[in-house]
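# Chains, contacts and geometry: an overview
Here are the chains, one letter per residue:
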Amino acid sequence: MRRRRDKQRPAEESVVPPAEFRSYYGRPVVKPAVWHHDVAAYLFTGGLAAGSALLAAGGDATGRPALRRAGRVTALGALVASTYYLVHDLGRPERFLHMLRVAKPTSPMSMGTWILSGFGAAAGVSAAAEGAALLPERGVLGLARKILTPVGTAGQYGAAAIAPALATYTAVLLADTATPSWHAAYPELPFIFAGSALASGAGVGLIAAPSEQAGPARRLAVLAAAMELYGAHRVESTKGLLSEPYTQGRASRRLRAGRALTALGAAGALLGGRSRAVSALSGLSLLTASLATRFGIFDAGIASARDPKYTVLPQRESLAARAASDETATTKIQRGPAAAGP
Amino acid sequence: MAGKNSLYGPLDPAPDAGYVDPPPRMGFFTDTSVCIGCKACEVACKEWNLVPDDGFNLLGTSYDNTGGLTANSWRHVAFIEQPAVGGPAVDALAAAATITDPKPEPQFLGMPMSDLPGRTMDAPRSDFRWLMMSNVCKHCTHAACLDVCPTGALFRTEFGSVVVQEDICNGCGYCIPACPYGVIDRREDDGRAWKCTLCYDRIGDGLMPACATACPTQSIQYGELDELRARAQHRVEKLHEQGVAEARLYGHDPNDGVGGGGAFFLLLDEPEVYGLPPDPVVTTRDLPAMYKRAGLAALAMAAVVVASFVGGRS
């Protein structure tokens, strides 16, 4: 297993240090996140909300009502689910409003709370506007019906404007921790999450829209899959020892399943053509893939925090590198410029 | 308020947090070379701060049945049994035999000696040593827990320490994976995050923190951080003179990855042997870079959506 992985890794990439290290009775140095799978599920629903909001805006702007409707309704549903997961995961759920006491740029969770709140308001009215047609044409409700449509459109574009932030801040949320494999992946995680969010949005479009309106969802599925797969590949292959948790155990199984389903969904979207059934299956495949990927990344981080070697060995390496560079600097000073020549 | 070193680098944290003319920064210097592993610090901390028990387990890890710092253990005494460094291995039984007097009586019954250990006999040291260390929250200059707290429950005190406000914390748990030392933790039956407060309710009244007060060997020293750092430097030099080459300070350097700890240590082995990270870095050092990458990904997302809807015919 190990040898095979080494073979896959190109030679110039970071070298895995020898696995000799000392620890305190093998106990973890950093604490793994106490979050339950609520947070992993939120990573999916938050991304789904963002992807769907973008789908709705694109669909409305290009005259594809099926994409608009599906996008708006899914965005609201995913938002409600997100809020549930986030509140439920708190140690003191009744205090969830304390999140709104401050706006704090050093806390991605604080920023995320405000992003989600803004998105929620916008996505809420845009989904409500889908129900405008059900209201009577006269009276107070008639007035509401008239106002709701333009307000809903404004909300839809507002939500779409916030959506990219909603989909990517969660990557910063995970990376801004001492959890070794999350932190090390900070350059790529936002791209994986962005791709995953768009793929799930595309999945909604593929399931809900008739084939003559589903063209953009198909293209979106392919581009999003490429983005997600490239990011995941980088994380699994360029982080040296800290790539290992992504390639082992449950995290690896979930990430592999995610990758296979993403590829399958993208291929189905591309080749499924006019078949509603193939499109819907592709959409379902993309949604499941997004869910599996989020859980896989969540699991990999937890695994990297549980084993002290992922904390100790990279830090030993950075210490050694610093000592080496200090030594070179000292030698240079001691030898002076005259002695530097041969 | 946010200076150029607000996220990383040497800094005096209280003025950076907005305090005008704060008192001197206070902290702990824990000198493990004189720790006797009595755990009085653990007990005193629990008593003063009304910290619940951490379970009554036998962990099989030497005399340590606490395990580590948790929501319910704000001081933790680590016990390490290891072969002594340097010098050839010595037969401990043979060494013990030299303790007895040449005269046949009295017999050595393992009772405490009447003289100071090591004074009467030039017995060779055994091949075994204990390391004991009372671990605690480092009250970092750049505290990741404080940086990432989304409610403002964690705050910087005027003494430079970091404290959780229990009436604000909503148990989001973000501080827990953020801490590079694995200190702060969520209490299961309570849902909130807890950790050492540097006895904020004592030091404001000029009292010492409970653990330092209870420590019988002054392994835990409390005081102004500048003074403690000077004292620690003196102590480590003294130990080196006495031939304890492995003595080193940990967490004292304002140029380290967390800007130096408000609590720092004198260790007799590598930090990881005590369960400490060898080169911790506050995660928020990289936060600007992280936001930048997220911004790029967000732009890429928008571009992909536009390309999908604008390109193509169907």
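Residues numbered from 1 in each chain as written. Chains lettered and ligands numbered in written order. Predicted model: local features only at pLDDT ≥ 70, side-chain atom pairs only at ≥ 80, totals over all residues.

## Considerations on the overall build of chain A
A count of helical and extended segments in chain A gives 11 helices and 0 strands. Written out in order from the N terminus, the α and β elements of chain A read α-α-α-α-α-α-α-α-α-α-α. Dimensions of chain A, computed from the C-alpha atoms along their principal axes, are close to 90 × 50 × 45 Å. Burial analysis of chain A (342 residues in total) assigns 56% to the buried set. Intrachain contacts of chain A at a sequence separation of at least 6 include 77% that bridge at least 24 residues. (Helix = DSSP H or I, 4+ residues; strand = E, 2+ residues; numbered from the N terminus. Buried ≥ 20, exposed ≤ 12 C-beta atoms within 10 Å, placed from the backbone. Contact = placed C-beta atoms within 7 Å.)

## Considerations on the overall build of chain B
Counting its secondary structure elements, chain B contains 9 helices and 10 strands. Residues counted as buried form 45% of the 314 residues belonging to chain B. Considering only intrachain contacts with a sequence separation of at least 6, the fraction spanning at least 24 residues in chain B is 66%.

## Quick notes on helix 4 (residues 108-129) of chain A
Along an α-helix, residues three or four positions apart point the same way, because every turn accommodates 3.6 residues. With 22 residues, helix 4 of chain A should cover 32 Å at 1.5 Å per step; its first-to-last C-alpha distance of 31 Å lies within 8% of that length. A large share of helix 4 of chain A lies buried, amounting to 16 of its 22 residues. (Expected span 1.5 Å × (residues − 1).)

## Let's talk about the domain arrangement of chain B
The assigned domain composition of chain B is domain 1 (13-87 + 125-281) and domain 2 (286-314). For domain 1 of chain B versus domain 2 of chain B, the distance between C-alpha centres works out to 43 Å. (Domains from an automatic or database assignment.)

## Re the interface of chain A and chain B
Counting residues at the interface gives 67 residues for chain A, matched by 55 residues for chain B. Of all the elements in the fold, those that place two or more residues in the side of chain A that touches chain B are helix 2 (37-61), helix 4, helix 5 (139-175), helix 7 (189-208), helix 8 (215-237) and helix 11 (309-339) of chain A. The element contributing the most residues to the side of chain A that touches chain B is helix 5 of chain A, with 8 residues. Looking at side-chain class alone, the side of chain A that touches chain B contains 39 nonpolar, 17 polar and 11 charged residues. (Nonpolar A, V, L, I, M, F, W, Y, C, P; charged D, E, K, R; others polar.)

## Quick notes on the nonpolar core
Within the largest apolar cluster, 185 residues are counted, with the highest numbers of intra-cluster contacts made by A:A53, A:L166, A:A221, B:C145, B:C175 and B:C179. Built from parts of two domains, this core gets at least three residues from each of domain 1 (13-87 + 125-281) and domain 2 (286-314) of chain B. Those residues in contact with A:A53 that sit more than four places away from it in its chain are A:G71, A:A75, A:A123, A:A159, A:A160 and A:A163. (Core = buried A, V, L, I, M, F, W, Y, C linked by C-beta atoms within 7 Å.)

## Side note on the packing of helix 3 (residues 65-88) of chain A against helix 4 of chain A
A pair of packed helices can be characterised by two numbers: the angle between their axes and the separation between those axes. Residues and elements named next belong to chain A. In contact at an axis separation of 9 Å, helix 3 and helix 4 are set at 140 degrees when each is read in the N-to-C sense. Accordingly, the angle class assigned to the pair helix 3 and helix 4 is oblique. You can see that helix 3 and helix 4 cross each other, and the crossing is left-handed. In this structure, helix 3 contributes R72, V73, A75, L76, L79 and S82 to the contact, and helix 4 contributes L116, F119, G120, A123, G124, S126 and A127. (Axes fitted to C-alpha atoms, helices over the stretch in contact; angles between N-to-C directions. Parallel < 35°, antiparallel > 145°, perpendicular 65-115°, else oblique. Left-handed = near helix turned anticlockwise from the far one by under 90°.)

## Observations regarding the environment of B:K292
Relative to the assigned elements, B:K292 resides in helix 9 (residues 287-310). Sequence separation between B:K292 and B:Y222 is 70 residues, and the spatial gap between their C-alpha atoms is 41 Å.

## Remarks on unusual backbone geometry
Trans peptide bonds make up most of the peptide bonds, and negative phi angles are found at most residues other than glycine. Residue and element names in this part refer to chain B. Backbone geometry places K39, a non-glycine residue, at a positive phi of 65 degrees. If you trace the backbone, K39 turns up in the loop between strand 1 (26-31) and helix 2 (40-49). A positive phi angle, close to 45 degrees, is found at C199, a residue other than glycine. Structurally, C199 can be placed in the loop between strand 7 (193-194) and helix 6 (200-203).

## Details of the sheet that holds strand 10 (residues 263-267) of chain B
Residue and element names in this part refer to chain B. Read from one edge to the other, the open sheet built from 4 strands follows the order 8-1-10-9, with strand pairing classed as mixed. Edge positions in the sheet fall to strand 8 (220-224) and strand 9 (248-250), since each of these pairs with one other strand and no more. Shown here is a sheet whose adjacent strand axes are inclined to one another by a mean of 25 degrees, direction ignored. (Pairing = 2+ DSSP bridges.)

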